[in-house]
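# Geometric and topological summary
Chain by chain, the residues run as shown.
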Amino acid sequence: MSDALSRQEAKLCSLEAALYSAGRPLELEDLKYVVRSTSERTVKKLVGQLAQRYRRRGGALEIATHSDGRVSLQLKESFDDMVKQFNHRPLLRVGPLKTLSYVAFHQPVDQRQVI
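In what follows, the accompanying structure is described. (Residues numbered from 1 in each chain as written. Predicted model: local features only at pLDDT ≥ 70, side-chain atom pairs only at ≥ 80, totals over all residues. Heavy atoms only, no water.)

Moving on to helix α3 (residues 40–57). Three or four residues apart is the spacing at which side chains of an α-helix point the same way, because the helix has 3.6 residues per turn. With 18 residues, α3 should cover 26 Å at 1.5 Å per step; its first-to-last C-alpha distance of 26 Å lies within 8% of that length. What α3 keeps buried is the set Val43, Leu46, Val47, Leu50, Ala51 and Tyr54. Angular distribution of buried residues about the axis of α3 spans 135°; they occupy a single face of the element. Exposed and oriented more than 90 degrees from the buried face of α3 are Arg41, Lys45, Arg55 and Arg56. Looking at the buried positions of α3, the neighbouring elements they touch are α1 (2–22), α2 (28–34), β1 (61–65) and β2 (71–75). By the N-cap criterion, in which a side-chain oxygen at the helix start approaches the backbone nitrogen of a residue two or three places on, α3 is capped by Ser39, the distance to Arg41 being 3.3 Å. (Helix = DSSP H or I, 4+ residues; strand = E, 2+ residues; numbered from the N terminus. Expected span 1.5 Å × (residues − 1). Buried < 20%, exposed > 50% of the residue type's maximum accessible area, 1.4 Å probe, protein only. Arc of directions from axis to C-beta. Contact = heavy atoms within 4.5 Å. Polar contact = N/O pair within 3.5 Å; in protein donor to acceptor, adjacent residues only side chain to side chain.)

This next bit is on the pairing of β2. The pairing of β1 with β2 spans five bridges and is classified as antiparallel. Its bridge partner lying in β2, Leu61 is registered against Leu75. (Pairing = 2+ DSSP bridges.)

If you want it as structure tokens, here you go:
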């Protein structure tokens, strides 16, 4: 029985690692690959167990199952206002933003024009 529990724990850890590193909601197909299972039911059960762990832990993170079936590890909504102060960094600097704007406005653009 101990070996079965350790395999279960390994699957839960793999699932958690995938959700954390993805930084976006993952499809059930992706999660089936992560836990090495062909059963959607098994994956949903593991997601439920992981979500229950996060609820019991009572921290700032939660496992969310979206209406389209995708699953994500995300910050609880109640912490959104507090963390906004850390999210003011722009995704792109001015140079790359200007280049992308040029390409978007003049597409299709030859690489020589961009340079």
